[in-house]
Amino acid sequence: MNTMIKTIFRKLTVVCLALTLCLTTVACGGGNQANSANKGVSQTATPTKLNDGQYEVQQGTYNDANGEYTLFLLNNTPPRFATEKLQMARLTDEEIKAGKKTYLKVENGEPALYLTEDFKLEYVHNVTETKTNPQTGQKETVIVRQESNFWTPFAGSLAGNIAGQAIGSMLFRPQYYVPPVYQSGGIMNGYGGYGSSYDSAVSNYRSRYNEPPAAVRNRTTFRTTGNIRNSSSGSATRTTTGGRASGSGFGGSTLRSSGNSSSKQRSSGSSFGSGGRSSSRRSSGFGSRRR
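These notes cover the structure that comes with them. (Residues numbered from 1 in each chain as written. Predicted model: local features only at pLDDT ≥ 70, side-chain atom pairs only at ≥ 80, totals over all residues. Heavy atoms only, no water.)

A word on the overall build of the chain
What counts, and what does not: In this text, helices come from DSSP runs of H or I with a minimum length of four residues, and strands from runs of E with a minimum of two, each type numbered from the N-terminal end. Summary of the burial criterion: residues with accessible area below 20% of their type's maximum are buried, those above 50% are exposed, and those between are partly exposed, where the area comes from a 1.4 Å probe applied to protein chains only. Whether two residues are in contact is decided by their heavy atoms: any pair within 4.5 Å suffices. Computed with a 1.4 Å probe, the accessible areas rest on the Shrake-Rupley method; for each residue, only the protein chains presented here act as cover.
Tallying secondary structure elements over the chain gives five helices and 17 strands in all. Looking at the chain as a whole, 44% of its 291 residues qualify as buried. For the chain, the proportion of contacts with a sequence separation of at least 24, taken over those separated by at least 6, is 66%. Split by element, the accessible area of the chain, about 15600 Å² in all, is 51% carbon and sulfur.

Quick word on the packing of aromatic side chains
Filter applied, for reference: Side-chain rings of Phe, Tyr and Trp, where Trp is taken by its six-membered ring, are said to pair if the distance between their centres is within 6.5 Å; with planes under 30 degrees apart they count as stacked, over 60 as edge-to-face, and otherwise as tilted.
Counted according to the given criterion, the structure contains ten aromatic pairs. Centroid distance Y62 to Y123: 5.3 Å. Interplanar angle 55°. Geometry classified as tilted. Residue Y62 is located in strand β2 (residues 53–63), and its partner Y123 is located in strand β8 (residues 121–132); the two are separated by 61 residues in the primary sequence. Per residue, the accessibility class of Y62 equals that of Y123, and both read buried. Here the aromatic rings of Y62 and W151 are separated by 6.0 Å at their centres, their planes lie at 70°, and the arrangement is edge-to-face. Here the residue Y62 occupies a position in strand β2, and W151 occupies one in strand β9 (residues 139–152), the gap between them amounting to 89 residues. For the pair Y62 and W151, a shared accessibility class is recorded, and that class is buried.

Notes on unusual backbone geometry
The step from T77 to P78 runs through a cis peptide bond, and the omega angle for that step is 0°. Summarising the element assignment, P78 is placed in the loop between β3 (68–73) and β4 (80–84). Even without being glycine, N75 reaches a positive phi, approximately 55°. For N75, the position within the fold is in the loop between β3 and β4.

Some remarks on the nonpolar core
Quick note on the threshold: What is meant by a nonpolar core is a set of buried Ala, Val, Leu, Ile, Met, Phe, Trp, Tyr and Cys residues, joined one to another through side-chain atoms within 4.5 Å.
One finds L71, L73, M88, L104 and L113 to be the most contacted residues of the largest nonpolar core, which totals 28 residues. If we skip the residues at most four places from it in the chain, L113 touches V57, L71, L86, Q87, M88, A89, T102, Y103 and L104. Of all hydrophobic cores here, the second largest spans nine residues; its members include V178, V181, A201 and V202.

Focus: the side chain of E147
Put simply, the test is: Any pair of nitrogen or oxygen atoms within 3.5 Å is treated as a polar contact; in protein, a donor-acceptor pairing is required on top of that, and neighbouring residues in sequence qualify only through side-chain atoms on both sides.
Tracing the chain through its elements places E147 in strand β9. Looking at E147, its side chain comes within polar contact range of the side chain of R145, at 2.9 Å.

Quick look at helix α4 (residues 198–209)
Note the following rule: Any helix carries an expected span of 1.5 Å times its number of residues minus one. Arc definition: directions from the helix axis to the C-beta atoms.
Taking 1.5 Å per residue as the helical rise, α4 with its twelve residues ought to reach 16 Å, and the 16 Å between its terminal C-alpha atoms agrees with that figure. Every buried residue of α4 is listed here: Y198, A201, V202, N204, Y205, R208 and Y209. Each buried residue of α4 lies within a common arc of 160° when the element is viewed along its axis, so the set occupies one face. Residues of α4 that are exposed and point more than 90 degrees away from the buried face comprise D199 and S207. Of the residues flanking the end of α4, it is N210, one or two places downstream, whose phi is positive at about 60°.

Things to note about the environment of P78
A relative accessible area of 45% means that P78 is categorised as partly exposed. Residues P78 and L50, spaced 28 residues apart in sequence, show a C-alpha to C-alpha distance of 9.3 Å.

Things to note about helix α5 (residues 214–225)
In a regular helix each residue adds 1.5 Å, so twelve residues correspond to 16 Å; α5 covers 16 Å between its end C-alpha atoms and thus fits that length. Considered for burial, the residues of α5 that qualify are A214, A215, V216, R217, N218, R219, T221 and F222. Phi turns positive, to about 90°, at G226, one or two residues after α5.

Encoded structure:
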């Protein structure tokens, strides 16, 4: 009898262990699925702090998902600096002749980027659509594709191409600049809006394009639909045009603001960030892309 009881007990123990193992496996699998679902969530910009001083910049990126600038600094730890609403200014001709390179200046905790006229920032453009999450039934903004081009805010000679000395002199002191409407192909030159504050730069952009910049539209999307998510593939497809983002890029074209001041990016469906081609009319604003 005792032998039979022991045999039954051993079998029950094996069954319990097997059930426990199955439950553990299912739980781990569910955790991996949850992690996979959240893997594509794009967080808002996380600014980093630097001590006051000057830092030579090797290259930089602007992302219109959240308006974040990411700069890679030479001979600095950490080498990466990220911030939103970055002030920028063009180096003077005297500084350039003296061999000064693009640098980041931090004064009283406020960063400002001083660029050579041919310094190229990589522009990461996010094409998004509003889709329903099958798990929650709620609408979310989904990145369906990323495109990449290059943007030179101060490309070209200033002489004879700026409408008045007052505007020309402003280029040499830090101000806020908004990129022109994203274009694929060719280097994007100039800017879509500028001002002494970020809000005034956005307002200047609105007056030209009759719509807010892509980063502002995307921030609004974040507030109304939650964090932006990548497409179901886990990551957005990204295509790149133009040259490498560095201080030795293209120059020599006229500094103008977006030559399509009345243009609006149009795309199919309810996508944000304008995935389609834009229709444009000529205007006399500042900023353009080199064809």
